[in-house]
2 protein chains.
Amino acid sequence: LKIGKLYGIGVGPGDPELLTFKAKRILEKVEVLLVPKSKMEKRSLALSIISGVVDKDWQILELLLPMIKDKEELQKHWQQAAKQVFDVLQQGKDAAFITLGDPTIYSTFTYLMKYVQNLEPEVQVEIVPGISAVNSISAWIKQPLAEGEESLVIIPAINEKDEIEKAIDQFDNIVLLKAGSQTNKVLEILEDKDLLDKGFYVSRCGFKDGFYTSNLKEIFNKKFDYLSTMIIKKGLGDGKK
Amino acid sequence: LKIGKLYGIGVGPGDPELLTFKAKRILEKVEVLLVPKSKMEKRSLALSIISGVVDKDWQILELLLPMIKDKEELQKHWQQAAKQVFDVLQQGKDAAFITLGDPTIYSTFTYLMKYVQNLEPEVQVEIVPGISAVNSISAWIKQPLAEGEESLVIIPAINEKDEIEKAIDQFDNIVLLKAGSQTNKVLEILEDKDLLDKGFYVSRCGFKDGFYTSNLKEIFNKKFDYLSTMIIKKGLGDGKK
């Protein structure tokens, strides 16, 4: 029996129309859908995105991948998930892991891929790129992420203050991911460097209650959703609205 | 007469299957296609990507945007292009500018948008994100661009050596764009920092003659295509093939 193929499929940032034709074709073809869940009871957002677009009665395999800090505990969950996946592939079935955004940018797919390859290095893997959240945010606020010879840094806002300062000091465009709980830390850096007029705060892009602002002063001390992003554009000119 | 809407549409990295459903729907709807050309005689790659997927007889407006360094001369070309586009919009027609990859990452669309908005600030603009070349490269070589709390820097390789060194010193994952003519400069930096085993060289991803290697030592002094990318992953483990 030929071992099945493992696909990592980016389903885009949320709008089902931002799925690619390739993602749809492969999702229609595979027998098994691998759906990551951080809590077993939570409905998968990636699954709801494709449900409206791809009409197929997959065998669904839920992988419990909790967000925990204990590395040993986490590793056990990954090994368990990889074993579940490998069992399916060994039955000769192709399986697709669906991920929000793109499978190579802050996705759990690349971890799964490595754990499965540790079990069996010969497993065939194919990654289908998807529109990442960063690109949907820049499209929404109508701002280039980078132009010409400019540099672009993408960094989770949870990083230490001095790491974020270095990024802001030395590069042209800085995207701070998961900024929700880190907002004040970043705003203080921007105030120190007189850059409060060079940025955007984007919350829940793609959702009905999403919003963005370029008036960073007004968001000091406000509480925002985890799904928030800050974009600093040091070259932002007077054309900014 | 209502002024037409200006769309910036990412058509993805080259494979027509990596177009999104939204891009296709809007391309089927608009009357005018805006096709950037660096030389008037060169066939547009973005146009050839959509030609096989979207069946529509557009009015095609070619915009001559040469790659020149003289800023004043370049500005004249942009103003001319913006005027051509605005003339079409004023006829009440919607127009779509098609761009390889994504319209907010190193695309000329964001320049065009600004020049058109300078002529008439009330022009409605919509950006449809596309799969960027960077994401198609990481999918091809099956490597994460960034995981967990890692940082990611994207920087054109034409930047000064010390800029590239800073990026490599301070961040986890570094993508060097348009690396073709800059290969040796980057390789010397990597050799100095003992990082020659932590990178990938990717040439003409998506083309028939495309290739990649993780053996960076073997590419010293070789000549490569402009469409080359280097990816440095400082955390690359022994799992690398």
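Since the model is a prediction, treat every value here as computed from it, not as a measurement.

Quick notes on the rules
The numbers attached to residues start from 1 for each chain and follow its sequence in the written order. Chain A is the first chain written and ligand 1 is the first ligand written, with later ones labelled in order. The predicted nature of this model means local features are confined to residues of pLDDT at least 70 and side-chain atom pairs, given and counted, to a pLDDT of 80 or more, with totals for whole chains, interfaces and linings taken over all residues. Heavy atoms from the whole structure form the basis of all side-chain values; hydrogens and water molecules are not counted. When checking whether two residues touch, look at their non-hydrogen atoms; a contact exists if any pair is within 4.5 Å. By buried area we mean the combined loss of accessible area, with a 1.4 Å probe, across both parts when two parts are placed together. When a carboxyl oxygen of Asp or Glu lies within 4 Å of a side-chain nitrogen of Lys or Arg, that pair is called a salt bridge. Whenever a nitrogen or oxygen atom comes within 3.5 Å of another N or O atom, the pair is scored as a polar contact, on the condition that within protein one atom can donate a hydrogen and the other can accept it, and that pairs from neighbouring residues in sequence are kept only if both atoms are in side chains. Numbering of helices and strands runs from the N terminus, with a helix taken as a DSSP run of H or I at least four residues long and a strand as a DSSP run of E at least two residues long. Each residue gets one of three labels, nonpolar for Ala, Val, Leu, Ile, Met, Phe, Trp, Tyr, Cys and Pro, charged for Asp, Glu, Lys and Arg, and polar for the others, Gly among them. When DSSP finds two or more bridges between a pair of strands, those strands are recorded as paired. When accessible area is computed with a 1.4 Å probe and restricted to protein chains, residues below 20% of their type maximum are described as buried, those above 50% as exposed, and intermediate ones as partly exposed. Axes here refer to lines fitted to C-alpha atoms; in helices the fit is confined to the stretch in contact. Angles between the N-to-C directions go from 0 to 180 degrees. Least-squares fitting of one copy onto the other uses the C-alpha atoms of those residues that reach a pLDDT of at least 70 in both copies. Each angle is binned into one of four classes, with values under 35 degrees roughly parallel, values over 145 roughly antiparallel, values of 65 to 115 roughly perpendicular, and all other values oblique. Handedness of a helix crossing follows the sense of rotation of the near helix relative to the far helix, less than a right angle counterclockwise being left-handed and clockwise being right-handed.

How do you make sense of the interface of chain B and chain A when you look at a structure like this?
In many reports, interface size means the accessible area that the parts give up when they come together. Of the residues lining the interface, 52 residues belong to chain B; the matching set on chain A comes to 52 residues. Carbon and sulfur atoms make up 58% of the surface buried where chain B meets chain A, a total of about 4600 Å² over both sides. For chain B, the biggest contributors to the area lost against chain A are Glu17, Phe21 and Lys142 of chain B; these three give 15% of the whole. Taken together, the links from chain B to chain A amount to 4 salt bridges. Across the salt bridge formed by Glu147 of chain A and Lys114 of chain B, the nearest N and O atoms sit 3.1 Å from each other. Seen at the junction of chain B and chain A, the total is 33 residue pairs in polar contact (both at pLDDT 80 or more). Mapped by element, the contributors of at least two residues to the side of chain B that touches chain A are helix 1 (21–29), helix 4 (109–119), strand 5 (125–128), helix 5 (133–141), strand 6 (152–156) and helix 6 (161–170) of chain B. Broken down by element, the side of chain B that touches chain A gets its largest block of residues, 5 residues, from strand 6 of chain B. Here the side of chain B that touches chain A is built from residues that sort into 25 nonpolar, 12 polar and 15 charged. With 3 bridges connecting them, strand 6 (residues 152–156) of chain A and strand 6 of chain B associate as antiparallel partners.

Would you mind going over the pattern of salt bridges with me for this structure?
Side-chain pairing between opposite charges can occur once the charged atoms of the two side chains come close. Counted according to the given criterion, the structure contains 24 salt bridges over all chains. Of the charged contacts in the structure, one is a salt bridge between Lys22 of chain A and Glu126 of chain A, with a shortest N-O distance of 3.1 Å. Linking Lys22 of chain A in helix 1 (residues 21–29) with Glu126 of chain A in strand 5 (residues 125–128), this pair joins segments that are 104 residues apart in sequence. What makes Lys22 of chain A buried here is its relative accessible area of 13%. Residue Glu17 of chain B is joined to Arg25 of chain A by a salt bridge in which the shortest nitrogen-to-oxygen separation is 2.6 Å.

Which parts of the structure should I look at to understand helix 4 (residues 109–119) of chain A?
Every α-helical turn comprises 3.6 residues, leaving residues that sit three or four positions apart pointing alike. Looking only at helix 4 of chain A, the buried set comprises Phe109, Thr110, Leu112, Met113, Tyr115 and Val116 of chain A. Packed against the buried residues of helix 4 of chain A are strand 1 (6–10), strand 2 (32–37), strand 3 (59–64), helix 3 (71–90), strand 4 (95–99) and strand 5 of chain A.

Sorry, what's going on with the sheet that holds strand 8 (residues 199–203) of chain A here?
Note on sheets: strands pair through backbone hydrogen bonds, and any given pair is parallel or antiparallel. An order of 9(A)-8(A)-10(A)-7(A)-6(A)-6(B)-7(B)-10(B)-8(B)-9(B) is seen for the 10 strands of this open sheet, with the pairing classed as mixed. The sheet is open, and its two edges are formed by strand 9 (211–213) of chain A together with strand 9 (211–213) of chain B, each paired on a single side. Here the average twist between neighbouring strands, direction ignored, is 15°. In this sheet, strand 7 (residues 173–177) of chain A lies alongside strand 6 of chain A in parallel orientation, the contact comprising 5 bridges. Residue pairing in the sheet places Leu152 of chain A in a bridge with Asn173 of chain A of strand 7 of chain A. Sheet strands touched by helix 5 (residues 133–141) of chain A: strand 6, strand 7, strand 8, strand 9 and strand 10 (228–233) of chain A. Its angle to strand 8 of chain A, the strand with the most contacts, is close to 115°. The strands touched by helix 5 of chain B within the sheet are strand 6, strand 7 (173–177), strand 8 (199–203), strand 9 and strand 10 (228–233) of chain B, with strand 8 of chain B carrying the most contacts at an inclination of about 115°.

Would you mind showing me how to read the relation of the copies chain B and chain A here?
To go from the first copy of the chain to the second, apply a rotation about an axis and then a shift along the same axis. With an RMSD of 0.0 Å, the fit of chain B onto chain A corresponds to turning through 180° and sliding 0.0 Å along the axis. The superposition operator between the copies reduces to a two-fold rotation axis. Taken as a fraction of all interface residues of chain B, those also at the interface in chain A reach 100%, which identifies the copy contact as same-surface.

Where do I start with the packing of helix 6 of chain B against helix 7 (residues 183–192) of chain B in this structure?
Residues and elements named next belong to chain B. Running from N to C, helix 6 and helix 7 cross one another at 45°; their axes reach a closest spacing of 11 Å. Here helix 7 runs oblique to helix 6, going by the angle between their axes. The element helix 6 and its partner helix 7 pack so that their crossing is right-handed. Together, Lys161, Ile164, Glu165 and Ile168 of helix 6 and Lys185, Glu188, Ile189 and Leu190 of helix 7 make up the contact between the two elements. The residue makeup of the contact of helix 6 with helix 7, split by class, is 4 nonpolar, no polar and 4 charged.

What is the right way to look at unusual backbone geometry in this model?
Of all residues except glycine, most have a negative phi; of all peptide bonds, most are trans. Positive phi outside glycine occurs at Asp194 of chain A, with the angle close to 55°. Relative to the elements of secondary structure, Asp194 of chain A occurs in the loop between helix 7 (183–192) and strand 8. Taking the relative accessible area as the measure of exposure, Asp194 of chain A reaches 65% and is therefore exposed. Even without being glycine, Arg204 of chain B reaches a positive phi, approximately 50°. With respect to the element layout, Arg204 of chain B can be found in the loop between strand 8 and strand 9.

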